[in-house]
Structures are given as C-alpha cells and as structure tokens.
Amino acid sequence: MAEPLLALREIGHSFGGLSVLRSVTFDVPEGGIVGLIGPNGSGKTTLFNIVTGYITPLAGTITYRGAVLGRDSIQQRGLQGLVRTFQTPQVFEQMTVLENVMVGCTKLTRTTMLQDLLSTPAARGQMREIRDRAEAACERFNLTGLRDLPAASLTAGQRRILEIARAAVGEPRLLLLDEPSSGLNVQEIDDLRDWIVRLSEEGITILLVSHDMGLMTIARTVHTLYFGEIIASGDMAAIQRDPRVREVYLGV
Amino acid sequence: MTLRTFLWLVPCLIVWAVLPFVVPRYMADLLVFTGIYTVAGLGIGLLLGHCGIVNLAQATFYGLGAYASAYCTVMMGLPSIAGFLVGAAISMALAYIIGRPILRLTGYFLALGTLALSAIASALFFEWDWLTGGTLGIGGIPKLNLFGFLLDRPSRYYFFVWLVAFACMAVARNLVDSRSGLMLRAMRDSSTAAAALSIDLQALRTKVFVVCALFGSLAGSLFAHHASFVSTQSFTVDRSISFLLIPVIGGATSIPGIVVGALFVTFLPELLSKLGDIHQILFGLALVAVVVLMPEGLVGAFAKLRTRLAKRGSGHG
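Residues numbered from 1 in each chain as written. Chains lettered and ligands numbered in written order. Predicted model: local features only at pLDDT ≥ 70, side-chain atom pairs only at ≥ 80, totals over all residues.

Once that is clear, we can look at the overall build of chain B. Counting secondary structure elements, chain B contains 14 helices and two strands. For a compact globule of 317 residues, the expected C-alpha radius of gyration is about 20 Å, and chain B comes in at 20 Å, within 12% of that figure. The principal-axis extents of the C-alpha atoms in chain B amount to approximately 65 × 50 × 45 Å. Taking all 317 residues of chain B together, the buried fraction comes to 48%. Considering only contacts in chain B between residues 6 or more positions apart, those separated by 24 or more positions represent 76%. (Helix = DSSP H or I, 4+ residues; strand = E, 2+ residues; numbered from the N terminus. Rg over C-alpha atoms; globule rule 2.2 N^0.38 Å. Buried ≥ 20, exposed ≤ 12 C-beta atoms within 10 Å, placed from the backbone. Contact = placed C-beta atoms within 7 Å.)

Spelled out as structure tokens, the structure:
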C-alpha cells in the first residue's frame with residue numbers, strides 16, 4: 001500500500017491533567033476523504049489543532065508526506081499544503097468577500113515589502129494574479145453575488161462557505177474541515193457535499209469533522225472518537241452498525 | 001483617474017500651490033509642520049488602521065532623524081543628505097531590533113511597550129548630552145539647499161516638505177493596496193485565521209513597524225532643517241501622543257485622513273491659543289468630542305454623512 005499523506009501515531013494530549021486524547025492512531029491516504037466523528041468534547045478539534053500546529057501534542061508523532069511534523073509552525077504547515085477551517089468560521093470581518101478569498105491566495109505568490117511599497121510591476125502582476133484566482137473561486141463557490149459585501153454582513157452559512165472557498169483557493173494538499181455543514185440550510189449542505197467531492201476528485205485529500213451523518217456518507221473511512229480514543233473505524237455503514245458507536249454516540 | 005477625481009484634484013492643487021504665498025508667515029510655518037506631521041502620522045496610521053497596533057514611540061524615531069541630521073551637518077560638516085540617510089538607517093535598525101521582541105505583545109501591553117520605548121529614548125536624549133547637546137540642544141542646522149536653490153523661507157520649504165509628504169502618501173497607498181496590505185488587514189481582523197493561511201504575523205508586523213520608523217525619522221530630519229535647532233523638548237512622550245492623535249482624529253484607515261489629523265493637531269491649538277489660557281482645555285474638549293462622536297475619525301464621519309445624504313436624496317427622488 002502507498003504511503004499515507006498523513007499518519008497519526010499514538011497521539012496523546014491533556015489539558016491540566018485532563019486527558020483529552022489517548023494514543024490516537026490512524027492514516028489519511030492521499031486523495032481520499034476521511035471522516036472523524038464523535039460527541040462533543042471527544043477531542044476532534046484538539047486533534048485538528050495538533051495536526052495544524054496550533055497545539056503541540058504531549059505524545060505521539062505526526063508524519064505528513066513522509067516527514068515528521070516536529071516543531072513546524074502553523075505557517076510552515078500551511079505552506080506545505082495543510083489548510084484548515086474553523087469550528088466557528090473565522091472570516092476577516094472588515095474586508096469584503098473577494099478580499100477574504102484573495103488572502104487565501106497570498107501564499108501562492110511572493111513579493112517583498114519593498115516591492116509592495118514601490119508598487120513595482122512584479123508586485124502589481126502578482127496582485128492581479130491573486131485577484132483573478134479569487135474571482136474564479138468566488139464564481140465556483142457561488143459567492144460572486146456577495147463579492148463586494150463586507151464579510152461581517154454574511155449569514156453563518158455564507159461565512160462557512162466563504163471560509164471553505166478561502167481555504168480551497170490556496171491549493172491545499174490536505175484540507176481539514178471542522179464542522180463545515182453546521183449553520184447551513186439544506187440547499188447549502190447539498191452544494192457543500194458536491195464541492196467537497198469535487199475538491200477530492202481534483203486530488204485534494206480531505207479530513208472532515210462533522211456531526212452530520214448525512215454528510216459523512218461521502219467519506220471513504222470514518223473514525224469515531226470517544227473521550228479521546230478511537231473506538232471504531234470503517235465506512236459509514238459499518239460505523240452505523242457498530243454496537244459501541246450506537247451505544248455511545250448515536251444513543252441507541 | 002475619473003473625471004470626478006480630476007475635477008476635485010485640480011482646485012485642490014491650485015489652493016495647495018497658492019496657499020503659502022497668501023497666508024501670513026506664521027501660518028505658512030504651520031503648514032510646513034502639517035506636512036512634517038503628515039509624514040510621521042502616516043506610519044502611525046498604517047500600524048493603527050491596518051495592523052491594529054497602537055504605537056506610542058514615534059517621537060523616538062522622529063528624534064533619531066532630527067538628531068542624526070543635526071549631528072551630521074553641524075558636528076561633522078557632512079551634506080544634509082547624510083543626516084537623512086543616517087537617521088533612517090538607525091531608526092529602521094532600532095525598530096527592527098526592538099520590534100522583534102515587543103511586537104509579540106498585543107493590545108494594551110504592546111501600547112505600553114511602545115510608550116516605554118518613548119520614555120527611555122526621551123531620557124537618553126537628555127542624558128547623552130555629548131551627542132544630543134541635552135537641553136541646550138544643537139543649533140545652527142543649515143537650511144536645505146536643493147541644487148543651489150536655498151529653502152530658507154517657510155514658503156519655499158513648504159513645497160519641498162509637501163512633495164516628500166505626497167511621495168510618502170503614495171508609498172503608503174501602494175502598501176495598503178498591495179499583497180502585504182491584504183495580509184495586514186487579514187491579520188488585524190483575525191490573527192488565528194491569518195496564521196492558518198500561512199501569513200507570518202510576526203515578520204509582517206515587524207516590517208510595518210520598520211516602515212513606520214522610517215517615516216518618523218524622515219519627518220524628524222525635515223523638522224531639524226526647518227527649525228535649525230533641536231533639543232530634548234521636541235522628542236518627549238507628549239510628542240509621541242500627539243503623533244498618535246493624528247490618525248485617531250483624521251481616520252486611521254484613510255490616507256487623506258492623516259492630512260486632516262495633521263491639520264487638526266498643528267492648527268487647532270494655535271487658533272485656540274488666541275482665546276487665552278483656556279485654550280488647552282478647549283483643545284482637550286475638541287479631542288474628546290472627535291473621539292467619542294466620530295470613532296472612525298473626521299474622514300470616516302464625513303464619509304458616513306455623505307452616504308446618509310445620498311440615501312436621503314435617493315429616498316425622496
């Protein structure tokens with residue numbers, strides 16, 4: 001079997017003596033959609049924070065593209081193609097929708113502060129490229145109509161879609177989506193599902209955290225986290241049949 | 001450029017060009033100061049409006065620029081350009097060295113950090129009298145000589161200062177519209193999300209702090225050649241505070257707002273002083289009124305008023 005894009009081995013973490021993750025081990029194969037479910041407080045977001053570098057785990061190792069992610073910063077991980085969204089959407093409130101998406105492309109180009117201050121042809125060219133890419137992304141994610149509105153005026157659902165567009169535009173290799181469907185209406189969830197599948201078909205690997213069992217059916221493999229431990233793994237049908245999952249999570 | 005901006009710009013330029021010849025000398029002098037303060041205020045505005053950073057240390061860089069110009073020309077007999085360059089180099093180096101550690105702080109703590117820098121610099125300007133002349137200062141700084149044209153009167157120096165100010169405004173505008181500007185505003189709105197999009201907050205903040213120091217130093221050098229004399233009184237914490245007022249009053253995200261703020265802090269105290277001893281209280285009240293009633297500054301308030309009038313107009317028509 002090919003080497004997985006992301007491999008978590010024995011990840012453990014605790015906050016002030018309270019153990020939140022215990023020897024979590026699983027792989028995210030290249031090109032797939034991997035789901036992570038679990039009740040509130042089971043450690044899903046902490047795991048996201050560990051993978052993306054917001055938290056340094058107390059135990060275990062993360063291997064990404066064959067190399068151990070040791071003390072790499074959030075930014076370095078981002079440049080290597082690890083991009084996330086947040087459980088509570090973090091949009092840039094005072095900037096327009098288009099500008100928000102443009103920020104997502106800034107890492108694809110390089111200008112120095114001096115070039116920017118003097119507005120050199122290179123700096124302007126890169127800015128045009130950023131704008132073109134962002135406009136295309138707005139079109140793709142049905143945001144064109146909202147383009148020039150400040151992000152502060154968006155609904156919860158629109159913010160989530162904006163956040164996904166902003167993450168997807170930066171050419172991620174592994175996209176980590178934290179509860180992408182919460183706050184969205186039925187139509188928006190349908191669109192979201194299509195977009196995620198399409199992104200995956202384009203070669204972006206996706207790690208999806210969600211409560212939404214309907215959305216989870218697009219995941220090839222689903223891992224169930226319960227009080228910091230993986231209690232079941234498999235496709236969604238198998239997960240739904242698993243007696244432990246039914247007991248602790250689905251409540252039946 | 002649209003026709004509308006063109007029609008706006010032409011009368012403004014004419015007024016700008018004629019102004020120093022028609023106003024009394026003391027006013028021409030104040031207009032020179034407005035230009036100098038605009039340069040210093042632009043740096044503070046970039047930090048405040050686009051990074052959300054309160055910088056109370058601009059008098060430090062203003063002082064470094066002024067002393068560099070004074071020392072290079074008077075003590076060492078070097079040409080004026082040397083003072084500008086030495087001041088800029090020292091200011092930028094200091095901003096980089098101090099900026100790296102203190103820009104890790106945020107909010108009030110960062111503001112206090114910059115205030116401390118200003119207090120220390122102000123004390124050193126006083127103590128290191130072998131370099132700065134202490135309270136006696138350094139006098140006899142020559143007027144600038146531009147290719148044989150001596151800028152010895154406020155009405156002449158006015159044009160030079162304002163051309164520098166316009167150039168600085170253009171540079172600041174470039175920064176705001178650039179990729180760096182985009183990343184700065186992202187960082188100001190949500191540093192968590194900006195980090196997730198690979199924006200190196202620390203490096204970016206430090207760079208803007210260095211640019212701010214460059215503007216401060218440039219303003220200081222311009223001041224030295226205008227006043228011909230520099231001493232510690234000009235570079236105290238008070239001066240840092242009045243520099244901070246410029247973007248706060250004018251509107252921190254707006255570049256014309258910086259000019260409005262600079263006009264406010266140079267002209268208002270002067271005009272109010274005709275009213276006698278009460279003028280400082282009145283200036284304080286005017287400040288409080290602007291900050292409380294117009295949180296986005298005078299330019300922000302004006303823009304709001306215009307949209308409201310436009311709405312009312314379209315509502316009736």
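Read on for the rest.
Most often, soluble globular proteins keep nonpolar side chains buried together rather than apart. Grouped together as the largest cluster of nonpolar side chains are 161 residues, with contacts concentrated most on Ala165 and Leu175 of chain A together with Ile36, Val39 and Phe215 of chain B. Three or more residues apiece are contributed to this core by two domains, here domain 1 (6–91 + 172–250) and domain 2 (95–153) of chain A. Discounting residues that sit within four places of it in the chain, phenylalanine 215 of chain B has contacts with Val39, Ala40, Leu42, Gly43 and Cys168 of chain B. (Core = buried A, V, L, I, M, F, W, Y, C linked by C-beta atoms within 7 Å. Domains from an automatic or database assignment.)

Here we come to the pairing of strand S9 (residues 221–226) of chain A. Residue and element names in this part refer to chain A. Taken together, the four bridges between strand S3 (residues 33–37) and S9 define a ladder with parallel strand orientation. In the strand pairing of S9, valine 34 is matched with threonine 221. Two elements, S9 and strand S10 (residues 229–234), share five bridges in a ladder whose sense is antiparallel. Counted as the bridge partner of threonine 224 is alanine 232 from S10. The antiparallel pairing of S9 with S10 creates a hairpin that spans two residues between the two strands, and phenylalanine 227 there sits at a positive phi of about 45°. (Pairing = 2+ DSSP bridges.)

With 31 residues of chain A at the contact, the number on the chain B side is 22 residues. Put simply, the parts of the chain that give the side of chain A that touches chain B at least two residues each are helix H2 (74–79), strand S6 (82–84), helix H3 (97–105), helix H4 (113–118) and helix H5 (121–140) of chain A. Split into classes, the residues belonging to the side of chain A that touches chain B amount to 14 nonpolar, 12 polar and five charged. (Nonpolar A, V, L, I, M, F, W, Y, C, P; charged D, E, K, R; others polar.)

Turning next to the packing of H3 of chain A against H5 of chain A. Residue and element names in this part refer to chain A. Interhelical geometry of H3 versus H5 gives an angle of 120° and a closest axis separation of 8 Å. The element H3 and its partner H5 pack so that their crossing is right-handed. Two secondary-structure elements touch here, H3 through Val97, Leu98, Val101, Met102 and Cys105 and H5 through Ile130, Arg131, Arg133, Ala134, Glu135, Ala137 and Cys138. Taken together, the residues of the contact of H3 with H5 break down into nine nonpolar, no polar and three charged. (Axes fitted to C-alpha atoms, helices over the stretch in contact; angles between N-to-C directions. Left-handed = near helix turned anticlockwise from the far one by under 90°.)

The next point concerns the sheet that holds S3 of chain A. Residue and element names in this part refer to chain A. With mixed pairing, the six strands of this open sheet are ordered in space as S6-S7-S8-S3-S9-S10. Single-partner strands in this sheet number two, and they are S6 and S10. Direction aside, the axes of adjacent strands within the sheet are offset by 20° on average. Examined bridge by bridge, S6 and strand S7 (residues 174–178) share three bridges and lie parallel to one another. Bridge pairing links leucine 82 to leucine 174 in S7. Sitting on the sheet, helix H7 (residues 186–201) is in contact with S3, S7 and strand S8 (205–209), with an inclination near 150° to S8.

Let us now look at the domain arrangement of chain A. All names here are of chain A. Partitioning chain A into domains gives domain 1 (6–91 + 172–250) and domain 2 (95–153). Computed over C-alpha atoms only, the centres of domain 1 and domain 2 are separated by 28 Å. Tallying the contact residues gives five residues for domain 1 and five residues for domain 2. Going through the elements one at a time, H2 and H7 are the ones with two or more residues in the side of domain 1 that touches domain 2. Taken together, the residues of the side of domain 1 that touches domain 2 break down into three nonpolar, one polar and one charged.

Moving on to helix H13 (residues 279–293) of chain B. Taking 1.5 Å as the rise per residue, H13 of chain B with 15 residues should run 21 Å; its terminal C-alpha atoms sit 21 Å apart, in good agreement. When you tally the buried positions in H13 of chain B, you get zero out of 15 residues, a small fraction of the element. (Expected span 1.5 Å × (residues − 1).)

Our next topic: the pairing of S3 of chain A. Residues and elements named next belong to chain A. The buried fraction of S3 is high, at five of five residues. The alternating pattern of S3 places Ile33, Gly35 and Ile37 and Val34 and Leu36 on opposite faces, both of which are buried. Bridge analysis of S3 against S8 gives four bridges, and the strand direction is parallel. Counted as the bridge partner of isoleucine 33 is isoleucine 206 from S8.

To continue, consider unusual backbone geometry. All names here are of chain A. At serine 23, a residue that is not glycine, the phi angle is positive and equals roughly 30°. Examined against the element boundaries, serine 23 turns out to sit in strand S2 (residues 18–28). The phi dihedral of arginine 65 falls on the positive side, at around 50°, and the residue is not glycine. Relative to the elements of secondary structure, arginine 65 occurs in the loop between strand S4 (59–64) and strand S5 (67–68). Looking at arginine 65, the number of C-beta atoms within 10 Å reads 16, which means it is partly exposed.

All right, on to the confidence of the model for chain B then. One rule of thumb: low pLDDT means the predicted coordinates there are not for detailed reading. Averaged over all residues, the pLDDT of chain B equals 92, while 98% of them reach at least 70. In the model output, the complex is listed with pTM 0.90 alongside ipTM 0.89. (pLDDT = per-residue confidence, 0-100.)

On to the environment of isoleucine 97 of chain B. Mapped onto the elements of the fold, isoleucine 97 of chain B is located in helix H4 (residues 80–102). When the C-alpha positions of isoleucine 97 of chain B and threonine 206 of chain B are compared, they lie 9.2 Å apart, and in sequence the two are 109 residues distant.

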